[in-house]
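Results of the structural survey
Below, each chain spelled out in residue letters.
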Amino acid sequence: MTDLTWINGALTSARPQAVAALLRYFRDLDTAEEAFQNACLRALKSWPQNGPPRDPTAWLIMVARNTAIDEVRRRRKQEALPDEEHISDDSDAESDMADRLDSDHYRDDVLRLLFICCHPDLPASQQIALALRIVSGLSVKQIARAFLVGESAMEQRITRAKARIAKADVPFETPGAVERSERLAAVAAMVYLVFNEGYSASGPTAPDREPLCDEAIRLARLLLRLFQTEPEIMGLTALLLLQHARAPARFDSQGEIILLEDQDRSLWKRAFITEGLALIDKAMRHRRPGPYQVQAAIAALHARAAKPQDTNWAGIDALYATLEQMQPSPVVTLNRAVAVSKVRGPADALAMIEPLAAKLSGYFYFFGLKGGLLLQLGRNQEARVAFNQAIALAHTPAEAAHIRMHIDRLIAETEAKQKGPVASRA
Amino acid sequence: MLYAILCYHSEDVVCSWPKEKDEQIMRQLSEVNEKLAKAGRLGPVARLLPTTAATTLRENAREEKLVIDGPFAETKEQLLGFFVIECADLDEAVDTARQLMQANDGATYEIRPIGYFMPGVKIT
């Protein structure tokens, strides 16, 4: 019962709530983190002997708080007289703590902790690193590995981020409804960033980054437990689950991406899909759509198709149209064009993406799709030009080879299909 | 007599398990299940999705039927699954729950004798 895996699990799962409560108490991130570390060390000594506490989180918060206060007192004794305020606060700590844990308070605590990590002054890479360090409790070494940088560089990045938020002065009062929903939106975006950091990886280092996806899902679930009635948080969690369900089928043996329609769908993780579908289903009953729900609904239509031919492309087209209105972006339109090509044909899809040329001139998927559509329209010469542009935009030789291979196959398939009509025209 | 053995555990903890740990627990549980199945004692078994996927339907004081997100009760440990098992008496039920507990450390098992049981049709 109190084996090391159990203790580690309890410490990991208690961490966000405990550090968040300690942050409210000490109003200083380093002190809160250090206090939590100390409490964990005590837990490792005490729990195997005395058995696990009924409420590990409350135990950790209380012990962390008491040891930190002792530390403050010890230091003060050497410097000056003890602080009355601290002593009286300490004596009723226990009942006080029980109150606070049972209240809604901790929901705002955890939200605040996450919100601090996505302060607008911090660049995205620092936000993610900070959240993984502070909220998830990953070691600097683990984070450095996921970001493919050295440990000391990552240490520096996190220290810099902490210094910046120390100056930023995040308010500790209970937030109002508007502020709470703004915080929630910022935090959701940060969780999605963490996920994409893992999900967008390819090549031989991709497996090192996959834990970021797991961690993002854990954070999304944490948010959802705190905000059980928020459809967008249901949507976010569903989106991450449905996308990550494809993980075992997404890469070939060289670590190159396998496109959705070529993936072996039997490898998709059914448990993730089931949970994702349940959550998006639940979210949509609220009739308060948002970008995460729409994206999750798109992922759900892919997940529901046992074979690529079974995909409900008309539904995907309609959902992308909704997403275009909510979050206009050339990449969204590009994705919609794929659905349009299946529903209304390549000419309509091509007309849709041609105006995007200037904005997406550095995006190889744009030229890949353009080439594919031109090919379907029998404009093979123009298609080759577009394909060469796609290859030129590859980041690595391996990626270029991969794109080339895919294009060769596309050309071969289309030529096989066109043989009939071409011959009859001649 | 039929018993429902309800498995409670902290969802926070279970969701933090690494994949290997989860798989190991499921393997150990299915070993217990296999033994019970061989003895002809195992009925339906279910692992429930997290309570974040739960929806609760209840009536308020004005007799309005409300659909609420989340589980019926907010508890420190959540109902995560159940087993329906034939046991001669409570002693055997406790012994069976003990085997399940050994396979899934940290979980709590509530043993509830079943008053009415309908196996239903075979569903997939």
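Note that the structure is a prediction, hence the values are computed from the model and not measured.

With 23 residues of chain A at the contact, the number on the chain B side is 21 residues. Regarding the contact of chain A and chain B, the summed buried area is about 2,000 Å², with carbon and sulfur atoms giving 54% of it. The three residues of chain A that bury the most area against chain B are Arg225(A), Gln228(A) and Lys282(A), which together make up 28% of that side's buried surface. For Asp12(B), the salt bridge identified is with Arg225(A), shortest N-O distance 2.4 Å. Linking chain A with chain B are 4 residue pairs in polar contact (both at pLDDT 80 or more), by the criterion used here.

Our focus in this paragraph is a nonpolar patch on the surface. Residues and elements named next belong to chain A. Residues Leu 4, Leu 41 and Leu 44 make up a contiguous nonpolar surface patch of about 290 Å² in total accessible area. Assignment of secondary structure puts Leu 44 in helix 2 (residues 29–50). Leu 44 gets classed as partly exposed once you look at its relative accessible area, which sits at 36%.

This paragraph deals with helix 13 (residues 270–284) of chain A. Across its 15 residues, helix 13 of chain A extends 21 Å between first and last C-alpha, which sits within 8% of the 21 Å expected from 1.5 Å per residue. Considered for burial, the residues of helix 13 of chain A that qualify are Phe272(A), Ile273(A), Glu275(A), Gly276(A), Leu277(A), Leu279(A), Ile280(A), Lys282(A) and Ala283(A). Considering only its buried residues, helix 13 of chain A is in contact with helix 11 (206–226), helix 12 (231–244) and helix 14 (291–304) of chain A together with strand 3 (55–59) and strand 4 (65–69) of chain B.

With that out of the way, let us pick up the side chain of Thr96(B). All names here are of chain B. Here Thr 96 is to be found in helix 3 (residues 90–103). On the basis of relative accessible area, Thr 96 is assigned to the buried category, the value being 0%. Aside from chain neighbours lying at most four places away, what touches Thr 96 is Ile 5, Leu 36, Arg 41, Ile 85 and Cys 87.

Here we take up the sheet that holds strand 1 (residues 2–9) of chain B. All names here are of chain B. A sheet is described by the order of its strands in space; here 4 strands give the open sequence 2-5-1-6, paired in antiparallel fashion. Unpaired on one side and paired on the other, strand 2 (42–47) and strand 6 (108–113) mark the two borders of the sheet. Taking each pair of neighbouring strands and ignoring which way they run, the sheet shows an average axis angle of 20°. In this sheet, strand 5 (residues 78–86) lies alongside strand 2 in antiparallel orientation, the contact comprising 4 bridges. If you follow Arg 47 over to strand 5, its bridge partner there is Gly 81. Relative to strand 2, helix 2 (residues 19–38) is tilted by about 165°, and along the sheet it contacts strand 2, strand 5 and strand 6. Along the sheet face, helix 3 touches strand 1, strand 5 and strand 6 and points at about 150° away from the line of strand 6.

Now for the environment of Glu59(B). Residues and elements named next belong to chain B. Inspection of the secondary structure puts Glu 59 in strand 3. Relative accessible area serves as the criterion here: at 45%, Glu 59 is assigned to the partly exposed category. In contact with Glu 59, not counting residues within four places along its chain, are Glu 64 and Lys 65. Separated by 3.0 Å, the side chains of Glu 59 and Lys 65 make a polar contact.

What follows concerns the pairing of strand 1 of chain B. Residue and element names in this part refer to chain B. Of all 8 residues in strand 1, 6 are buried; the element is thus mostly enclosed. Relative to strand 5, strand 1 is paired through 8 bridges, and the arrangement is antiparallel. What sits directly across from Tyr 3, in strand 5, is Ile 85. Across 6 bridges, strand 1 lies against strand 6 in antiparallel orientation. Bridge pairing in strand 6 places Cys 7 opposite Tyr 109.

Let us look at helix 14 of chain A. Residue and element names in this part refer to chain A. The terminal C-alpha atoms of helix 14, which comprises 14 residues, lie 20 Å apart, in line with the 20 Å expected from a rise of 1.5 Å per residue. Where burial is concerned, most of helix 14 is hidden: 12 out of the 14 residues are buried. Listing the buried residues of helix 14 in full gives Tyr 292, Gln 293, Val 294, Gln 295, Ala 296, Ala 297, Ile 298, Ala 299, Ala 300, Leu 301, His 302 and Ala 303. Those residues of helix 14 hidden inside the fold are in contact with helix 10 (177–199), helix 12, helix 13 and helix 15 (313–326).

With that out of the way, let us pick up the domain arrangement of chain A. How big an interface is tends to be stated in terms of accessible area lost as the parts join. Residue and element names in this part refer to chain A. Taken domain by domain, chain A holds domain 1 (4–103) and domain 2 (105–226). Domain 1 puts 18 residues into the contact, and the matching count from domain 2 is 17 residues. Summing both sides of the interface, domain 1 and domain 2 together bury roughly 1,600 Å²; the carbon and sulfur share of this comes to 63%. Connecting domain 1 to domain 2 are 3 salt bridges. In this structure, the salt-bridge partner of Asp 109 is Arg 24, at a minimum N-O distance of 2.6 Å. Joining domain 1 to domain 2, the criterion identifies 5 residue pairs in polar contact (both at pLDDT 80 or more). Among the elements of the structure, helix 1 (4–26), helix 2 and helix 5 (93–102) are those that each provide at least two residues to the side of domain 1 that touches domain 2. Per-element accounting of the side of domain 1 that touches domain 2 gives the leading share, 10 residues, to helix 1.

What describes two packed helices is the angle between their axes and the distance between those same axes. Residues and elements named next belong to chain A. The interhelical angle for the contact between helix 1 and helix 6 (residues 105–117), taken along N-to-C directions, is 90°, at an axis separation of 8 Å. Taken together, helix 1 and helix 6 sit at an angle that is classed as roughly perpendicular. Here helix 1 contributes Pro 16, Gln 17, Val 19, Ala 20, Ala 21, Leu 23 and Arg 24 to the contact with helix 6, which in turn contributes His 105, Tyr 106, Asp 109, Val 110, Arg 112, Leu 113 and Ile 116. Class assignment for the residues of the contact of helix 1 with helix 6 results in 9 nonpolar, 2 polar and 3 charged.

Right, let's talk about the packing of aromatic side chains for a bit. The way to describe two aromatic rings as a pair is by their centre distance and the angle between their planes. All names here are of chain A. For the structure shown, the criterion picks out 7 aromatic pairs over all chains. For the ring pair Trp 47 and Trp 59, a centre distance of 5.3 Å and an interplane angle of 70° mean the geometry is edge-to-face. With Trp 47 in helix 2 and Trp 59 in helix 3 (residues 56–79), this pair connects stretches of sequence that are 12 residues apart. Assessed through its relative accessible area of 0%, Trp 47 is described here as buried. For the pair Phe 366 and Phe 367, a centre-to-centre distance of 5.0 Å together with 80° between the ring planes defines the contact as edge-to-face. Phe 366 sits in the buried class, given a relative accessible area of 1%. Three or more aromatic residues link up through ring pairs in this structure, and these residues are Tyr 363, Phe 364 and Tyr 365. The cationic tip of Arg 246 hangs over the ring face of Trp 268; the distance from NZ or CZ to the ring centre is 6.0 Å. Arg 250 extends its terminal NZ or CZ atom over the ring of Tyr 199, reaching a point 3.6 Å from the ring centre.

What counts and what doesn't
- Residues numbered from 1 in each chain as written.
- Chains lettered and ligands numbered in written order.
- Predicted model: local features only at pLDDT ≥ 70, side-chain atom pairs only at ≥ 80, totals over all residues.
- Heavy atoms only, no water.
- Contact = heavy atoms within 4.5 Å.
- Buried area = accessible area lost by both parts, 1.4 Å probe.
- Salt bridge = Lys/Arg side-chain N within 4 Å of Asp/Glu carboxyl O.
- Polar contact = N/O pair within 3.5 Å; in protein donor to acceptor, adjacent residues only side chain to side chain.
- Patch = residues over 30% accessible without salt bridge, like charges linked within 9 Å, V, L, I, M, F, W, Y side chains within 5 Å.
- Areas by Shrake-Rupley, 256 points an atom, 1.4 Å probe, with all protein chains shown as cover.
- Helix = DSSP H or I, 4+ residues; strand = E, 2+ residues; numbered from the N terminus.
- Buried < 20%, exposed > 50% of the residue type's maximum accessible area, 1.4 Å probe, protein only.
- Expected span 1.5 Å × (residues − 1).
- Pairing = 2+ DSSP bridges.
- Axes fitted to C-alpha atoms, helices over the stretch in contact; angles between N-to-C directions.
- Domains from an automatic or database assignment.
- Parallel < 35°, antiparallel > 145°, perpendicular 65-115°, else oblique.
- Nonpolar A, V, L, I, M, F, W, Y, C, P; charged D, E, K, R; others polar.
- Phe/Tyr/Trp six-rings, centres within 6.5 Å; stacked < 30°, edge-to-face > 60°.
- Lys NZ or Arg CZ within 6 Å of the ring centre and 35° of its normal.

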